[in-house]
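Below are the chains, spelled out letter by letter.
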Amino acid sequence: MKNALIVLFLSITAPLFSESFYIKDYQVDILLKQDTSFDVQEKILVHFKEPKHGIVRNIPFMEYGKPEFIIGGLHVVNESYFAFSETVINEKLKEKAGFDGLNIPEDFGVAFGKQVKYAKVNETIRVGSVFTTVDGDYEYVIKYTVYNDIADLTNYFKFYWNVIGLQWNNEIRKVSYTITMPAEVKPGKDDMQIFTGYGGEKKKNATIGMKGNIISGHALKTLYPNEGITVEIRFPQGYFTPVRAGIWEMFVSWLAAAFSIAPVFYNWFLMPGGILLILSVIWFFFGRDKVGSIETQFFPPKGMNPAEAGMLINDKMDAHDILSLIYYWAVQKRLTIIKQADSFDLKKISELKNPRSYEALLFTGIFYSKNRVKVKDLGKELASVMYEVRTNLKEAIDKKKYYSPAMNKVSSLMGGLRHLFFWTALPLFLFDIEYRFIMRFPTIMPYIAIFGGVLLFVSFILLFFIENVPKLMAVNKIFYIFAISTVIIGIMPFISTLFGSLVTWPMLLSLFLSAYTFRAFKYVMMRKTRNGMFRFRELKGFAEFIARAEKDQLKRLVDERVDYFEMTLPYAIAFGMAGEWIKKFDGIQLTMPSWMSGSGVTNDYDISMFQRDIERSWTAFNDSYSAGSPPDGGYSTDSSSDSGGGSSWSSGSDSGSSGGSSGGGSGGGGGSSW
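Residues numbered from 1 in each chain as written. Predicted model: local features only at pLDDT ≥ 70, side-chain atom pairs only at ≥ 80, totals over all residues. Heavy atoms only, no water.

## Here we look at the overall build of the chain
- Check the secondary structure of the chain and you find 20 helices and 21 strands.
- Scored against the burial criterion, the 674 residues of the chain give a buried share of 49%.
- A total of about 32000 Å² of accessible surface is found on the chain, and carbon and sulfur atoms cover 60% of it. (Helix = DSSP H or I, 4+ residues; strand = E, 2+ residues; numbered from the N terminus. Buried < 20%, exposed > 50% of the residue type's maximum accessible area, 1.4 Å probe, protein only. Areas by Shrake-Rupley, 256 points an atom, 1.4 Å probe, with all protein chains shown as cover.)

Below, the structure is given as structure tokens:
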């Protein structure tokens, strides 16, 4: 009697506490597959009583006492949506279980797949946009695939699914469903059951029938908030061929869902497309170099060292542009390269003669404290000067007016916009990841917030030291990036819940594509002046000769000038062509460069040994250069209906012969508006 009064009270009062919408028609179509997976389509016709952004649909996939299954390909047809997993905690059950408040081991157990009585994990999808609202009737079509849910028992397979879950806090006025089977089967009456009502009830206020290989039915009354419909079907052994879902199946399912987002989101790709079009037009009319004919050059141009040559030939400053100066100075007998068993040393012979400012800075930086230094220690020596070296090299190029000043500014703007778009996309990407993590594991949010606060504090300390200790300004890019990263990670717990739901993969991809479009045009926009183009043609002609030179040509050049090989080598290094250039001299009688000495450099030292040592020394120099380089700047481095016929039965009684009940199956869940 007491239970009957409670049910009566809930039936009368539930509508008073229901959502600001009701469902006019809820149609569920399920397609069972031979491998025991099944596709679900839900058509939900909602009537909003007041303007709302949309609905939230949640489906539990990990719940205490029920099989854990996998949901793949969850998406909404032609709508904006955001899907994520979230852990739902019943605080009363948690307290009853003896875990009052936070408990790290138990909370992390829930987070990483442990079933507990007070928690369940939902796959949740929020449908709609924060920028728009809907009112009156509106239909949503939700699709997903379920894996590993149909139970393979001793004598039969059991499909036990909540067609309508218990967590809908609103009326559902009409419900219909179909279940399409892989093949026709003739179940007994007790093998096909329907249950309705509140959780645990066994009412029969819905029909269930079969025609051919389709089971279908509909609700006989309006469902009040928290009432559900559950179907239980038993299939004979051998009916299915179970296959556990693997990584590939899940990936394909995820991919299908990813590309089924609302078409409006694909409009994001108009942005990089538009940027590409605009920049292409600007480049064609204002930034394009008119190269003209290229004449072969056998020697590098006079009055231009390899650092400037390397920068002019590809319009950007690379590591080999600057490091080619070491070999250039060796040829000029200002230093020697001494080969050691495990590394190389540099030994100063004399000071540079009439050095350019960046040459003097680099040379002095290398030999700051002593006349002989180990290459592996150069990172420490170069850390304080490398930023100035690169800046001065850029200024030297600007003074020679190789590039149009106006297009040089446009190129700098491209570089700035590239950083703007990239550093907008990266935090949004991180915010999205953290948002999904927080929604999946809400019990550990306090720990994330504490961790983020500590990182935020540490990051400000790091940035303070970088800005106020001059030597740290150029210590290396890794330290600076770490400091900026701690800022981003530190604020993510507080911002991700605001921005995470707005992020979509087309948005992120379009931002990254835009960033790299600006990056690509940064260099091609650097239109050269007449003087710059003259010098470029000389360099291009020499580079083409390096690429295509024949052995007999090289032999004649060596005969004419005995030092031809070593005087051209620094330029080949600056062009990134050293390996192929050295190989072309194999078999030609050469006087090996005197500036390479040390372990293994003997009378039988030949071109192949020299190439190996040059490559090893280059690797060592490059490692030290990377350790000493600051962050990039300026010129940068690089539907169904009732069944008719067949077997059919329905009942309005409260009894049932099965152990099932309303809400006792998998899936279901519920939803709300937002």
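Still to come is the rest of the account.
## As for the packing of helix H7 (residues 319-331) against helix H8 (residues 357-366)
- One can describe the packing of H7 onto H8 by two numbers: an axis separation of 11 Å at closest approach and a directional angle of 75°. Considering the angle they form, H7 stands roughly perpendicular to H8. Taken together, the residues of H8 that come into contact with H7 (itself represented by Ile322, Leu325, Ile326, Tyr328 and Trp329) are Tyr358, Glu359, Leu362, Phe363 and Ile366. (Axes fitted to C-alpha atoms, helices over the stretch in contact; angles between N-to-C directions. Parallel < 35°, antiparallel > 145°, perpendicular 65-115°, else oblique. Contact = heavy atoms within 4.5 Å.)

## A short note on the sheet that holds strand E15 (residues 228-236)
- The strand order across the open sheet built from four strands is E8-E9-E15-E12, with neighbouring strands paired in antiparallel fashion. Whereas interior strands pair on both sides, the edge strands pair on one side only; in this sheet they are strand E8 (151-152) and strand E12 (192-197).
- Two elements, E12 and E15, share six bridges in a ladder whose sense is antiparallel. Pairing of Thr196 across the sheet is with Ile229, part of E15. (Pairing = 2+ DSSP bridges.)

## Observations concerning unusual backbone geometry
- For Asn78, which is not a glycine, the phi torsion comes out positive at approximately 55°.
- Looking at Asn78, the relative accessible area reads 53%, which means it is exposed.
- Despite not being glycine, Asn354 has its phi angle at roughly 50°, a positive value.
- Counting through the fold element by element, Asn354 comes out in the loop between strand E17 (344-348) and H8.

## Points about the sheet that holds E17
- Pairing is mixed across the open sheet formed by four strands, whose spatial order is E18-E17-E16-E19. Of all the strands in the sheet, the pair left with one neighbour each is strand E18 (372-374) and strand E19 (596-598). Strand-to-strand twist across the sheet, computed as the mean angle between neighbouring axes with direction ignored, equals 30°.
- Sheet topology places E17 next to E18; three bridges connect them, and they run antiparallel. Bridging from a neighbouring strand, Asp345 pairs with Lys374 of E18.

## Some details on the environment of Phe38
- By the element assignment, Phe38 lies in strand E2 (residues 38-52).
- Judged by relative accessible area, Phe38 falls into the buried class, the value being 0%.
- Between the C-alpha atoms of Phe38 and Met181, which are 143 residues apart in sequence, the distance is 9.5 Å.
- With near-sequence residues (within four places) excluded, Phe38 lies in contact with Ile30, Leu31, Leu32, Lys33, Tyr144, Thr145, Val146, Asp149, Ile150, Phe159 and Trp161.

## Notes on the nonpolar core
- Ranked by size, the top nonpolar core spans 69 residues in total, and within it Leu346, Ile366, Phe575 and Trp581 carry the most contacts.
- Ranked by residue count, the leading element in this core is H7, at eight residues.
- In terms of nonpolar packing, the next biggest core, distinct from the first, is built from 55 residues, Ile23, Ile194, Ala219 and Leu223 among them. (Core = buried A, V, L, I, M, F, W, Y, C linked by side-chain atoms within 4.5 Å.)

## Comments concerning the packing of aromatic side chains
- Here the structure, examined in full by the defined rule, presents 26 aromatic pairs.
- Geometrically, the ring pair formed by Phe235 and Tyr239 is stacked, given 4.9 Å between the ring centres and 15° between the ring planes. Grouping residues by exposure puts Phe235 and Tyr239 together as buried.
- On the basis of an interplanar angle of 85° and a centroid distance of 5.0 Å, the ring pair of Trp581 and Phe585 is categorised as edge-to-face. The residues Trp581 and Phe585 share a single accessibility class, namely buried.
- Here the aromatic residues Phe298, Phe299, Phe542, Phe545, Tyr564, Phe565, Phe575, Trp581 and Phe585 are joined through ring pairs into a cluster of three or more.
- Here the guanidinium or amino end of Arg173 rests over the ring plane of Tyr22, the centre of that ring lying 3.7 Å away.
- The ring centre of Tyr523 lies 5.4 Å from the NZ or CZ of Lys316, which sits over that ring. (Phe/Tyr/Trp six-rings, centres within 6.5 Å; stacked < 30°, edge-to-face > 60°. Lys NZ or Arg CZ within 6 Å of the ring centre and 35° of its normal.)

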